[in-house]
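Residues per chain are reported as follows:
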Amino acid sequence: MTNSPVSNAVLVTVDSLRTDAIEPYGSEYHTPTLSALAERGTVFENAFAHGNWTPMSFPSILASRPVFADTGRIGVDGEGVTTLAERLQSADVATGGFNAANGFLTQHWGYDDGFDEFDAFVGGSTDGRAGEFVAAHPTWGAWLQLLTSPFRRVGNYLRGGADDQPFTDASRMLDTERAATAFVSETDEPFFLWIHYMDTHTPYVPAPRYLRDTDRRVGKVRMLIAHVRTGLGWSVGDRTLADLRTLYQGAVRQVDASLERLLDSLDAAGVADDTAVLVAGDHGEEFMDHGHLAHYPKLYDELVHVPLIVDVPGMEGRRVPEHVGLDAIAPTVCDLLGVSPADEWVGESLLPTLRDGVAPLDDPVVTVTVRGEDVTQQPIPRSLDEGDLLVSARDADWVYILNAETGTEELYDRRADPDQRSDRADDDRPAIAAAREHLRTVAGDHASMLGSVDREAGAGGVDGDIETRLEALGYR
């Protein structure tokens, strides 16, 4: 290790987190911990994920590699792939990784590589049989939570307690938080900690007190109706959609509160002033922005534009308008800890931006997904061979989307049309045609690179606990 700004780094990733759900990106919703972190740190206003789903996005986050680029399938267990944790472990940095039961972030796909301590929490639950049931049937958990919350609040009040803990720890937030804070308190410096939250993934099941933190009051019956309609695949109207957003915002507030306790554990361990904290969404979430809920295989901004906040003690806070990709996270963490990035990583460190305000490279950010015959087809494709490859390329002005199998193109003006409503792919005015040609080349080159990958055999079937959790999240 060389001289470095800090001794430790904490990477917090939040599943399905939209930029417009938190205050640092102009949201009206109250997220005090993230706001305080952004106030003293650096906010990347135009950070983009490299995939619309967790398994499409995370190879870039934890290994700075494009998904499919090494094996033709999801995961980070390909030959020659060096994860961030492996790189740091080889430099004698203690490593801990705790994932709140996302079945795509498990040892099966190599995400435990390099971690001294790792737990994906896809097995049993500290809530016993009730928790195991909720893990397999989280929509039922949502209904139970909403129905029983008045009784639980009364019981907690009579016992002198609070109601910040859910009826059952459906999102495994508390299990993950306890493991992360224990790692902080028990580990000597230097260390790297990764924690992944699932609260903002469907179904949204926040504890009652965090629903009360939202500005919009919604009765229990309407909340149950929202879960029933989405759980059964029925269409939703404006009021139900607003109710779902309220549940989602309650879940965001729940993550914000857990993050506060995590940061408090850094203070308690006496390492807060020597620890960089990075917070990112792994992808966004759709609320009928382009006709669906959750995160189906599309590459519009509601699924790709994500928060990225970096707080480094001793460095001046700033806001960065230039576009960056999440593949910058791994080399940035290495730079912060004085460790050389792996040679095969494709992202560029953001340390010059954090330290000196140097503008990031203006290369377009590339994002991919794989789509089956129908946009709502399940399960999530786990290899390049399971559907059409879609590739997008974004720069400061334009969003270009290519279906590499059919040649279908879309082009959107980011400044005039930030919601990607008006397709300009057929506009032949010279400036637009030049932008289209440039991004077409970038997207086409990426598609060609993936097409030339020497595909390895599939990873095989997953074990029962992982499959149960994936089914619980809707990935059958």
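Scroll up to find the structure this text is about.
Below you will find a few notes about this structure. What you see is a predicted model; the values in this text were computed from it and never measured. (Residues numbered from 1 in each chain as written. Predicted model: local features only at pLDDT ≥ 70, side-chain atom pairs only at ≥ 80, totals over all residues. Heavy atoms only, no water.)

## Quick look at the overall build of the chain
Phase 1: What the chain contains, in helices and strands, is 14 helices and 15 strands.
Phase 2: In the chain, buried positions account for 59% of the 476 residues.
Phase 3: For the chain, the share of sequence-separated contacts (at least 6 apart) that also reach a separation of at least 24 residues comes to 72%. (Helix = DSSP H or I, 4+ residues; strand = E, 2+ residues; numbered from the N terminus. Buried < 20%, exposed > 50% of the residue type's maximum accessible area, 1.4 Å probe, protein only. Contact = heavy atoms within 4.5 Å.)

## Focus on the packing of aromatic side chains
Phase 1: Summed over all chains, the structure comprises twelve aromatic pairs.
Phase 2: When the ring of F58 is compared with that of Y111, the centres are 6.2 Å apart and the planes differ by 90°; the resulting orientation is edge-to-face. One end of the pair, F58, is in helix α2 (residues 54-63); the other, Y111, is in the loop between β3 (94-99) and β4 (117-119), and 53 residues separate them in sequence. For the residue pair F58 and Y111, the accessibility class agrees, reading buried in each case.
Phase 3: Seen in terms of ring centroids, F115 and F192 are 6.3 Å apart; in terms of plane orientation they differ by 20°. Their pairing is stacked. Placement of the pair is F115 in the loop between β3 and β4 and F192 in strand β5 (residues 191-197), with a sequence separation of 77 residues. (Phe/Tyr/Trp six-rings, centres within 6.5 Å; stacked < 30°, edge-to-face > 60°.)

## Description of the nonpolar core
Phase 1: Judged by nonpolar contacts, the single largest core of 73 residues is most densely connected at F44, L88, F192, L308 and V333.
Phase 2: With six residues, the single largest contributor to this core is helix α13 (residues 430-451).
Phase 3: Once residues within four sequence positions are removed from consideration, L308 is found in contact with Y25, T42, V43, F44, A47, V279, A280, V324, L326, I329 and L350. (Core = buried A, V, L, I, M, F, W, Y, C linked by side-chain atoms within 4.5 Å.)

## So, the layout of surface pockets
Phase 1: There is about 620 Å³ of room inside the second largest pocket.
Phase 2: For the second largest pocket, the lining is made up of 29 residues, of which D327, V346, G347, E348 and D363 are closest to its centre.
Phase 3: Counting residues per element, the ones that place at least two in the lining of the second largest pocket are α2, β11 (318-325), α12 (351-356), β12 (365-371) and α13.
Phase 4: A per-class count over the lining of the second largest pocket returns 17 nonpolar, eight polar and four charged. (1 Å grid on protein atoms, 1.4 Å probe; cavity = no way out; pocket = protein on both sides within 12 Å on 5 of 7 lines; lining within 4 Å. Points joined across faces, edges and corners; volume = space filled by probe spheres on them. Nonpolar A, V, L, I, M, F, W, Y, C, P; charged D, E, K, R; others polar.)

## Comments concerning the sheet that holds strand β13 (residues 388-394)
Phase 1: With antiparallel pairing, four strands are arranged side by side in an open sheet as β12-β13-β14-β15. Only two strands of the sheet have a single neighbouring strand rather than two, namely β12 and β15 (409-413). Across the sheet, the mean angle separating the axes of adjacent strands is 15° when strand polarity is ignored.
Phase 2: In this sheet, β13 lies alongside β12 in antiparallel orientation, the contact comprising seven bridges. (Pairing = 2+ DSSP bridges. Axes fitted to C-alpha atoms, helices over the stretch in contact; angles between N-to-C directions.)

## A look at the pairing of strand β14 (residues 398-403)
Phase 1: The buried fraction of β14 is high, at six of six residues.
Phase 2: Of the two faces of β14, the one holding W398, Y400 and L402 and the one holding V399, I401 and N403 are both buried throughout.
Phase 3: Direction of pairing for β13 relative to β14: antiparallel, over a ladder of five bridges. Opposite V391, over in β14, you have L402 as the bridge partner.
Phase 4: Bridge analysis of β14 against β15 gives five bridges, and the strand direction is antiparallel. Residue pairing for β15: V399 is matched across the bridge by Y412.
Phase 5: Turn length for the β14-β15 hairpin, with the two strands adjacent in sequence and antiparallel, is five residues, and the turn residue G407 shows positive phi of about 80°.

## Notes on the packing of helix α1 (residues 32-40) against helix α9 (residues 238-268)
Phase 1: Running from N to C, α1 and α9 point in directions that differ by 60°, and their axes come no closer than 7 Å. When the axes of α1 and α9 are compared, the pair comes out oblique. On α9, the residues that touch P32, T33, L34, L37 and R40 of α1 are R253, D256, L259, E260 and L263. (Parallel < 35°, antiparallel > 145°, perpendicular 65-115°, else oblique.)

## So, the pattern of salt bridges
Phase 1: Counting across every chain of the model gives 20 salt bridges.
Phase 2: Close ionic contact of R18 with D20 constitutes a salt bridge, the shortest N to O distance being 2.9 Å.
Phase 3: R415 is the partner of D397 in a salt bridge, and the nearest nitrogen-oxygen pair spans 2.6 Å. Of this pair, D397 sits in the loop between β13 and β14 while R415 sits in the loop between β15 and α13, and the two are 18 residues apart along the sequence.
Phase 4: Three or more residues joined by partner-sharing salt bridges are found here, namely R18, D20, R245 and D289. (Salt bridge = Lys/Arg side-chain N within 4 Å of Asp/Glu carboxyl O.)

## Some points on a negative patch on the surface
Phase 1: Residues E260, D264, D267 and D273 make up a contiguous surface patch of negative charge.
Phase 2: Secondary-structure assignment places E260 in helix α9. (Patch = residues over 30% accessible without salt bridge, like charges linked within 9 Å, V, L, I, M, F, W, Y side chains within 5 Å. Areas by Shrake-Rupley, 256 points an atom, 1.4 Å probe, with all protein chains shown as cover. Lys, Arg positive; Asp, Glu negative; His and termini not counted. Charge placed at Lys NZ, Arg CZ, Asp CG, Glu CD.)

## Digging into the packing of helix α6 (residues 173-186) against α9
Phase 1: Where α6 contacts α9, the axes come no closer than 9 Å and their chain directions differ by 15°. Compared by their axis directions, α6 and α9 come out roughly parallel. Regarding α6 and α9, the two cross each other, and that crossing is right-handed. Taken together, the residues of α9 that come into contact with α6 (itself represented by M173, L174, E177, A180, T181 and V184) are Q254, S258, R261, L262, S265 and L266. (Left-handed = near helix turned anticlockwise from the far one by under 90°.)

## Things to note about α2
Phase 1: Where burial is concerned, most of α2 is hidden: ten out of the ten residues are buried.
Phase 2: Turning to α2, its buried residues are T54, P55, M56, S57, F58, P59, S60, I61, L62 and A63.
Phase 3: Of the surrounding elements, those touching the buried residues of α2 are β1 (8-14), α3 (84-89), β5, α11 (329-336) and β12.
Phase 4: Of the residues flanking the end of α2, it is S64, one or two places downstream, whose phi is positive at about 45°.

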